Amino acid sequence: MEVRENSERTSRRRRKEPSETEKQTECPQCGSTDLIGDYERAEVVCANCGLVIDDNLVDMGPEWRAFDHEQRDKRTRVGAPITYTIHDKGLSTMIDWRNKDIYGRDIPARNRAQWYRLRKWQRKIRISGATERNLAFALSELDRDSSRLGLPRSVRESASVVYRSAVENKLIRGRSIEGVVAASLYAACRRCKVPRTLDEIAEVSRVSKKEVGRTYRFLTRELNIKLPPTSPVDYVPRFASELGLSGEVQSRSIEIIEKAMEKGLTSGRGPTGVAAAALYIASVLLGERKTQRDVADVAGVTEVTIRNRYKELTEQLEMGVTL
């Protein structure tokens, strides 16, 4: 019997099948599906009743530790993860520009001409065909625009997936690469809830705001991308950070926006204007007052827009704040 159990365990390990505990998705005691994996104690615990479901977890991470980037590079034995921001998804080999071998020793001078030729041909064979050339240029353009906007890695990955979908569905023909890249970036910002306005996207790209908007509408229609309208709440953290406002001001401005949304005051209004007006009101209420000019410059709207939204919010919400 013990031999049979050992053979079953060995065959399961070879097939990389999950164990019975890993397959289990609910607590046998209370039926809760809220299970917590405590990898420090190698346990799976039910968050509802506290039952220890498994006390023999296997750590799938590396067996080594690294305390800086240099140690990580030396000890790791695998390559970088797959990324959609590179035309070949980062799966190709790159010959380092430094003339050193794998042990860090200098390459002899007689072999350096050979290494130079290897680098040159490696660069050429990485990009083969019109599609890969298009992707290489477009993704480098996307990376440049993302860097200028200060966007996180997740947004860049999402924008790369949108652009690749456009290429696969042959939606690029007849349109500029810069326009499709800008539209993909705008769609990714909205999808990841890191909103940027069309004006900001057009400013860093080499196309007009009109073309970015037109291409964005075309991509969402053809690729069937469903995105909800941008909420003013999404703009509050970024505007507050650039204005140097505290977390209390952010929380109060979000409360003001939520009350305004319940009463329908944000319908038909630009989200940046509403967010700017709510931040201005909250800063006045909490004694961290900023000028309308400062708020308008950060939000990319006019002072007149802030005053109009300000009056609507204070009157309808009866906040009793004076300019």
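Please refer to the structure placed before this passage.
Remember, it's a predicted structure, so these values are computed and weren't measured experimentally.

The rules behind each value
Residues numbered from 1 in each chain as written. Predicted model: local features only at pLDDT ≥ 70, side-chain atom pairs only at ≥ 80, totals over all residues. Heavy atoms only, no water. Helix = DSSP H or I, 4+ residues; strand = E, 2+ residues; numbered from the N terminus. Rg over C-alpha atoms; globule rule 2.2 N^0.38 Å. Buried < 20%, exposed > 50% of the residue type's maximum accessible area, 1.4 Å probe, protein only. Contact = heavy atoms within 4.5 Å. Areas by Shrake-Rupley, 256 points an atom, 1.4 Å probe, with all protein chains shown as cover. Axes fitted to C-alpha atoms, helices over the stretch in contact; angles between N-to-C directions. Parallel < 35°, antiparallel > 145°, perpendicular 65-115°, else oblique. Left-handed = near helix turned anticlockwise from the far one by under 90°. Nonpolar A, V, L, I, M, F, W, Y, C, P; charged D, E, K, R; others polar. Polar contact = N/O pair within 3.5 Å; in protein donor to acceptor, adjacent residues only side chain to side chain. Expected span 1.5 Å × (residues − 1). 1 Å grid on protein atoms, 1.4 Å probe; cavity = no way out; pocket = protein on both sides within 12 Å on 5 of 7 lines; lining within 4 Å. Points joined across faces, edges and corners; volume = space filled by probe spheres on them.

Visitor: Got a sec to walk through the overall build of the protein? Specific residues and values, please.
Guide: The number of helices and strands found in the protein is 14 helices and 3 strands. Whereas a compact globule of 323 residues would reach a radius of gyration of roughly 20 Å, the protein reaches 27 Å, over 25% beyond that. Dimensions of the protein along its principal axes, counting C-alpha atoms only, are 80 × 65 × 40 Å. Within the protein, the fraction of its 323 residues that count as buried is 35%. A sequence separation of at least 24 residues applies to 59% of the contacts in the protein between residues at least 6 apart. By element, 48% of the accessible surface of the protein is carried by carbon and sulfur atoms, the whole surface being about 20900 Å².

Visitor: Give a description of the packing of helix 10 (residues 236-243) against helix 12 (residues 271-285) that names residues and reports values.
Guide: Contact pair helix 10 / helix 12: the axes reach a minimum separation of 10 Å and the direction vectors enclose 50 degrees. Accordingly, the angle class assigned to the pair helix 10 and helix 12 is oblique. Relative to helix 12, helix 10 is oriented so that their crossing is right-handed. Of the residues in helix 12, those in contact with Val-236, Phe-239 and Ala-240 of helix 10 are Thr-272, Ala-275 and Leu-279. A class-by-class count of the residues in the contact of helix 10 with helix 12 yields 5 nonpolar, 1 polar and no charged.

Visitor: A description of the side chain of Ser-160 should follow, citing residues and the corresponding values.
Guide: Checked against the element boundaries, Ser-160 lands in helix 6 (residues 153-168). Side-chain polar atoms of Ser-160 contact the backbone oxygen of Arg-156, separated by 2.8 Å. Residues in contact with Ser-160, not counting those within four places in the same chain, are Tyr-84, Thr-85, Leu-139 and Leu-142.

Visitor: How would you summarise helix 12 if you had to cite specific residues and measurements?
Guide: With 15 residues, helix 12 should cover 21 Å at 1.5 Å per step; its first-to-last C-alpha distance of 21 Å lies within 8% of that length. Of all 15 residues in helix 12, 13 are buried, a share of seventy percent or more. Where helix 12 ends, the next residue or the one after it, Gly-287, has phi of about 75 degrees, a positive value.

Visitor: Got a sec to walk through the layout of surface pockets? Specific residues and values, please.
Guide: Put simply, the largest pocket is a space of about 690 Å³. Along its surface, the largest pocket is lined by 13 residues, and Asp-96, Arg-98, Lys-100, Asp-101 and Ile-102 are the ones closest to its centre.

Visitor: Lay out the packing of helix 10 against helix 11 (residues 247-262) in plain terms, naming residues and giving numbers.
Guide: Interhelical geometry of helix 10 versus helix 11 gives an angle of 145 degrees and a closest axis separation of 10 Å. Seen along the crossing, helix 10 lies across helix 11 with a hand that is right-handed. Here Val-236, Pro-237 and Ala-240 of helix 10 come into contact with helix 11, specifically with Gln-250, Ser-253, Ile-254 and Ile-257. Broken down by class, the residue content of the contact of helix 10 with helix 11 amounts to 5 nonpolar, 2 polar and no charged.

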